[in-house]
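For reference, the chains in residue letters:
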Amino acid sequence: MGLTKQYLRYVASAVFGLIGSQKGNIVFVTLRGEKGRYVAVPACEHVFIWDLRKGEKILILQGLKQEVTCLCPSPDGLHLAVGYEDGSIRIFSLLSGEGNVTFNGHKAAITSLKYDQLGGRLASGSKDTDIIVWDVINESGLYRLKGHKDAITQALFLREKNLLVSSGKDTVVKWWDLDTQHCFKTMVGHRTEVWGLVLVSEEKRLVTGASDSELRAWDIAYLQEIKDLEEPEPKKIRGSSPGIQDTCEAEDGALEVDEAPEDRILTCRKAGSILREGRDRVVNLSTDRTGRMLACHGTDSVLEVFCILSREEIQKKMDKKMKKARKRARLNSGKGEEEDLEVSVEMTLQDEIQRVANIKTSAKIKSFDLILSPQGELKAVFLLQNNLVELYSLNPSAPAPQPVRTSRVTLGGHRSDVRTVSFSSDNIAVLSAAADSIKIWNRSTLQCIRTVTCEYALCSFFVPGDRQVVIGTKTGRLQLYDLASGTLLETVDAHDGALWSMSLSPDQRGFVTGGADKAVKFWDFELVKDENSTQKRLSVKQTRTLQLDEEVLSVRYSPHQNLLAVSLLDCTVKIFYVDTLKFFLSLYGHKLPVICMDISYDGALIATGSADRNVKIWGLDFGDCHKSLFAHDDSVMYLQFVPKSHLFFTAGKDRKIKQWDADNFEHIQTLEGHHQEIWCLAVSPNGDYVVSSSHDKSLRLWERTREPLILEEEREMQREAEYEESVAKEDQPAVPGETQGENYFTGKKTIETVKAAERIMEAVELYREETAKMKEHKAICKAAGKEVPLPTNPILMAHGNISPSAYVLEIFKGIKSSELEESLLVLPFSYVPDILRLFNEFIQRGSDVELLCRCLFFLLRIHFGQITSNQMLVPVIEKLKETTISKVSQVRDVIGFNLAGLNYLKRECEAKSEVMFFADATSHLEEKKRKRKKREKLILTLT
């Protein structure tokens, strides 16, 4: 066997230059006991936690591959639920930064996440139109709610009742009874997509935002409470009694449809509308956690803030209105103040929901979050479109509240896409330049050490010595900056159009530029005396010009500085002699213009990348094309050789970076990580690092490891990954006897669930083999009349020399709770009889009763027909029935006994300290007051 060529693997090292990505939402998180200081922001596949006071990144919640689309902090402030583009949900601990719980159930991106009041359940909505309610504590799905016809935009739990309300892009709002998992009311009062909804006024009012300038308010009344109040004196309320009408007309002529008239739970009547100042659609509609402040924004940079007034405030306002109305009536009638006039004042929606102020941000708002401090100060944090986070504070109780910007996070990234990156000669500094600024980054710490404003940059390089940088701009100018002082040394009008490319000469005394004015210009560095100082400073002067017939897209010097390669808009690459500027070669073969190219360190090869998605490798001796490679699925944007080798990297609009071998024409590896088009990359002078920039506003650092990469193994790994992906995309297995199994099962088939099912099958096979061996061993011992030692299975020995049945139990315990049901679903029925017998044995011993009962009931549900028709399993099921009932009763008794003991200890502690530890006395008092006010309000509305 011949020797195979080994390469060294490049791996993802870090993501930097990104403050927050656009697809997800920003949220306040509680960290180190502080509220309103830390925010969680989506950053491609990761989540960054920023300290707003210091402007520093203090924690990174590491994701896998998919982009983050939704964030939701838990009510206790200890966890953060993160939804991803592929429909998966991970719950991270904010204390450790680890995501131990993963839910897989949706087929498309997560669009909504919301915890219930206690944080025990999580409702997730997705673009696949489904809502799934997850049990966070048990780490499993409870049920899937189907009914919407388009993407879910919001889903909220109600605190008082076991209900869920959801909105979607299908223009409807649906009410779900979670006890029966069905939709009992559909509100069709919107003519456009419903983009957001919130519950306010102690969940007696629903506010919705759609694609127009109205915020619609709906009054919620629970029918059971109305019936209880109606019993002494029966009154008919329109649409409230079951069976009166299936469809009731709202005030604006819209319709409400009850799914089952006999199962009505509440009525939802339109109370009115609040007109927004914005004329575009509502992008986000949200309240703070107390429900006191309401805010919304459209596609512009203005956040409209409203205040939900309390009953006392509304009463004061109505008293003032009444006083003014009486005064006006007296003036109109000419009667004295002694006489009492009958005056009626109507309470409008504007009296209950009062406009506070508008907050104008520095750029378009992508998402926001609110927090109201106990002192009454409102903090609003914004994630903006230009990769920026801003924090504003507002005092809603002030006579004329004025928002004040208190902090912003800007240093960590550019405001627009980075179009050029380059390394310093010592591999330590990285330059990135965008439409408005240049940033210098420390490669090891990834900290921004210098920010300088500039024009729209297209190309750049470090001047030899790494003390200055040269930028080529879209207006055709050369800008020379000094890094130590961060000042602009000189601006030179180099080209009449965009300056597309620059190349430093190998002797480091000058460089060459190519632009849209069809010219290639040669420049030399020189030292000139500065007018303001006695010291000399660096400058550039033009020495020669090469005029061409087409626009120049890219220029490159050969390493020996004898040739110059120029890429033109006519899809050709022309090679000229540097000394005489005479034409040497023309490389033609690309169907679209060559955007990027590079020449190898020895001057033997030139590689060109084009908008036709191909990379061609040419010999510089005769201009012959050695190989044409189909490199990317979209335009090849950048190409660069690794120093001292014939390996090169290409970056494409298909979001991938690929490494190639120009000698063997082999594709070595693909670096995936960016979520949008890649604009440029740079390879460090020692070849150990690659930095790339993308339209997702992130900069990524890739590092060369010492791990060898063998092409055959790489291809095998790629095939395995493709197979795993195809397995996960296969249809769900059919469930015998289940006509609507899809509605019941919350999980989806993934490669993890398939592997878990395989582990169960292997464990059962091992149990069968070991059981058969034991029987044979007993027969041999009986025939021999003496004990013969039985060799132990190495797998059982590795697990502590346990029995085969105990090994099966260990496998079941090792499966993640969120993947358990899907793993059992793909299990063939031939393994079920052995599993049921083992379950009977385990439950009799009283080990892991809760887990085993969950598995048992699920297997009985999906294989009910086959189990009941199998006569061999009848005695097993009978035994299981007896043992399960007795053991579950025992477990329940133990839990009840422990609960009673804890209640006793609680009472003892309260009696000793005369303070309620587990519930605040004032909250009980407030609860009683709230219930009394609720009852009074219902009586008032009826009378």
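Residues numbered from 1 in each chain as written. Predicted model: local features only at pLDDT ≥ 70, side-chain atom pairs only at ≥ 80, totals over all residues. Heavy atoms only, no water.

> Where do I start with the pairing of strand β30 (residues 388-394) in this structure?
Consecutive side chains along a regular strand alternate between the two faces of the sheet. Counting buried residues along β30, 7 of its 7 residues qualify, which places the element largely inside the surrounding structure. Here β30 shows two buried faces, one formed by Leu 388, Glu 390, Tyr 392 and Leu 394 and the other by Val 389, Leu 391 and Ser 393. Where strand β29 (residues 378-384) and β30 come together, 7 bridges link them in antiparallel fashion. Paired with Ala 380 across the bridge in β30 is Tyr 392. (Buried < 20%, exposed > 50% of the residue type's maximum accessible area, 1.4 Å probe, protein only. Helix = DSSP H or I, 4+ residues; strand = E, 2+ residues; numbered from the N terminus. Pairing = 2+ DSSP bridges.)

> Even after reading the chapter, I still don't get the packing of aromatic side chains, so can you show me in this structure?
For any pair of aromatic rings, the description rests on two quantities: the centre-to-centre distance and the angle between the ring planes. Applying the stated criterion to the full structure yields 13 aromatic pairs. Summarising the aromatic geometry, the rings of Phe 103 and Trp 134 are spaced 4.6 Å apart at their centres and angled 15° between planes, so their arrangement reads as stacked. Here Phe 103, found in strand β9 (residues 99-104), pairs with Trp 134, found in strand β12 (residues 131-135); they are 31 residues apart in sequence, far enough to count as distant. Across the pair, exposure class does not vary: Phe 103 and Trp 134 are buried alike. Ring-pair connections join several aromatic residues into one group, and the members of that group are Phe 461, Phe 511, Trp 523 and Phe 525. Here Arg 281 stacks its cationic end above the ring of Trp 195, 3.7 Å away from the centre of that ring. (Phe/Tyr/Trp six-rings, centres within 6.5 Å; stacked < 30°, edge-to-face > 60°. Lys NZ or Arg CZ within 6 Å of the ring centre and 35° of its normal.)

> Before we go on, may I ask you to explain the nonpolar core in this structure?
The nonpolar side chains of a soluble globular protein tend to be buried, and buried together. Counting 37 residues, the largest nonpolar core has Ile 760, Phe 812, Leu 824, Ile 835, Leu 836 and Phe 839 as its most contacted members. When contributions to this core are tallied by element, the ones reaching two or more residues are α6 (751-784), α8 (804-814), α9 (820-825), α10 (832-845), α11 (849-862) and α13 (874-913). Beyond its immediate chain neighbours, meaning those up to four positions away, Phe 812 contacts Ile 760, Leu 820, Leu 824, Ile 835, Phe 839, Leu 851 and Cys 855. If you look at the next biggest cluster of nonpolar residues, it comprises 22 residues, including Leu 309, Ala 363, Phe 368 and Phe 382. (Core = buried A, V, L, I, M, F, W, Y, C linked by side-chain atoms within 4.5 Å. Contact = heavy atoms within 4.5 Å.)

> Help me out: how do you make sense of a positive patch on the surface in this one?
A surface patch of like charges, here positive, comprises Lys 316, Lys 320, Lys 324 and Arg 328. Topologically, Arg 328 is positioned in helix α2 (residues 311-333). (Patch = residues over 30% accessible without salt bridge, like charges linked within 9 Å, V, L, I, M, F, W, Y side chains within 5 Å. Areas by Shrake-Rupley, 256 points an atom, 1.4 Å probe, with all protein chains shown as cover. Salt bridge = Lys/Arg side-chain N within 4 Å of Asp/Glu carboxyl O. Lys, Arg positive; Asp, Glu negative; His and termini not counted. Charge placed at Lys NZ, Arg CZ, Asp CG, Glu CD.)

> I'm lost on the packing of α6 against α10 in this one. Help?
Packed helices, taken two at a time, are described by the angle between their axes plus the distance between the axes. Contact geometry for α6 and α10: axes closest at 11 Å, N-to-C directions at 75°. Looking at the two axes, α6 sits roughly perpendicular to α10. Along the contact surface, α6 presents Ile 760, Val 764, Tyr 767 and Arg 768, while α10 presents Asp 834, Ile 835 and Leu 838. Here the contact of α6 with α10 is built from residues that sort into 5 nonpolar, no polar and 2 charged. (Axes fitted to C-alpha atoms, helices over the stretch in contact; angles between N-to-C directions. Parallel < 35°, antiparallel > 145°, perpendicular 65-115°, else oblique. Nonpolar A, V, L, I, M, F, W, Y, C, P; charged D, E, K, R; others polar.)

> Explain the side chain of Asp 177 here, please?
Mapping Asp 177 onto the fold places it in strand β16 (residues 173-177). For the buried Asp 177, no salt bridge exists, and the shortest N-O distance to an oppositely charged side chain is 8.8 Å, to Arg 121. Once residues within four sequence positions are removed from consideration, Asp 177 is found in contact with Asn 162, Leu 163, His 182, Phe 184 and Ile 265.

> Any chance you could explain empty space enclosed by the protein here in plain terms?
The rolling of a water-molecule-sized probe over the atoms marks out the regions of remaining empty space. All chains considered together, the criterion is met by 3 cavities of 30 Å³ or more. Its boundaries defined by the atoms lining it, the largest cavity holds a volume of some 90 Å³. Along its surface, the largest cavity is lined by 12 residues, and Thr 746, Gly 747, Ser 818, Glu 821 and Glu 822 are the ones closest to its centre. For the lining of the largest cavity, the secondary structure elements donating two or more residues are β13 (140-145) and α9. Considering every element that reaches the lining of the largest cavity, the biggest residue donor is α9, with 3 residues. Here the lining of the largest cavity is composed, by residue class, of 3 nonpolar, 6 polar and 3 charged. As a volume, the second largest cavity reaches approximately 50 Å³. Considering the residues around the second largest cavity, the lining is formed by Phe 103, Asn 104, Trp 134, Lys 748, Thr 750, Thr 753, Ser 818, Glu 819 and Glu 822. By residue class, the composition of the lining of the second largest cavity is 2 nonpolar, 4 polar and 3 charged. (1 Å grid on protein atoms, 1.4 Å probe; cavity = no way out; pocket = protein on both sides within 12 Å on 5 of 7 lines; lining within 4 Å. Points joined across faces, edges and corners; volume = space filled by probe spheres on them.)

> What is the right way to read α11 from this model?
Between its first and last C-alpha, α11 extends 20 Å over 14 residues, near the 20 Å set by a 1.5 Å rise per residue. Residues of α11 that are buried include every one of Val 849, Leu 852, Cys 853, Arg 854, Cys 855, Leu 856, Phe 858, Leu 859 and Ile 862, and no others. (Expected span 1.5 Å × (residues − 1).)

> Please clarify how a nonpolar patch on the surface should be interpreted in this entry.
A cluster of nonpolar residues, Leu 899, Leu 902, Tyr 904 and Leu 905, forms a patch on the protein surface that exposes about 430 Å² of accessible area. Mapping Leu 905 onto the fold places it in helix α13.

> What exactly am I supposed to notice about the pattern of salt bridges here?
Oppositely charged side chains may form a pair once their charged atoms are brought near each other. Throughout the structure, instances matching the rule amount to 37 salt bridges. The salt bridge involving Glu 390 is made with Arg 408; its shortest N-O contact spans 2.9 Å. Of the two residues, Glu 390 is situated in strand β30 and Arg 408 in strand β31 (residues 404-409); the sequence distance between them amounts to 18 residues. When its relative accessible area of 0% is taken as the criterion, Glu 390 is described as buried. Overall, the relative accessible area of 34% leaves Arg 408 in the partly exposed class. Here Arg 704 ties to Asp 688 by a salt bridge, and the two come within 2.8 Å at their closest N and O atoms. Separated by 16 residues along the polypeptide, Arg 704 in strand β58 (residues 699-709) and Asp 688 in the loop between β56 (678-683) and β57 (689-694) bring together distant segments of the chain. A residue is classified by how much of its surface remains accessible, and Asp 688, at 21% relative accessible area, is partly exposed. Each of Glu 34, Arg 37, Asp 51 and Arg 53 takes part in a single network of salt bridges with overlapping partners.

> What exactly am I supposed to notice about α10 here?
Side chains of residues three or four places apart in an α-helix project in the same direction, reflecting 3.6 residues per turn. For α10, spanning 14 residues, the distance from its first C-alpha to its last is 20 Å, which sits close to the expected 20 Å at 1.5 Å a residue. For α10, a buried count of 10 out of 14 residues is recorded, marking the element as mostly surrounded by other parts of the structure. For α10, the complete set of buried residues consists of Val 832, Pro 833, Asp 834, Ile 835, Leu 836, Leu 838, Phe 839, Asn 840, Phe 842 and Ile 843. Packed against the buried residues of α10 are α6, α8, α11, α12 (864-869) and α13. Downstream of α10 by a residue or two, Gly 846 has a phi angle that is positive, lying close to 80°.

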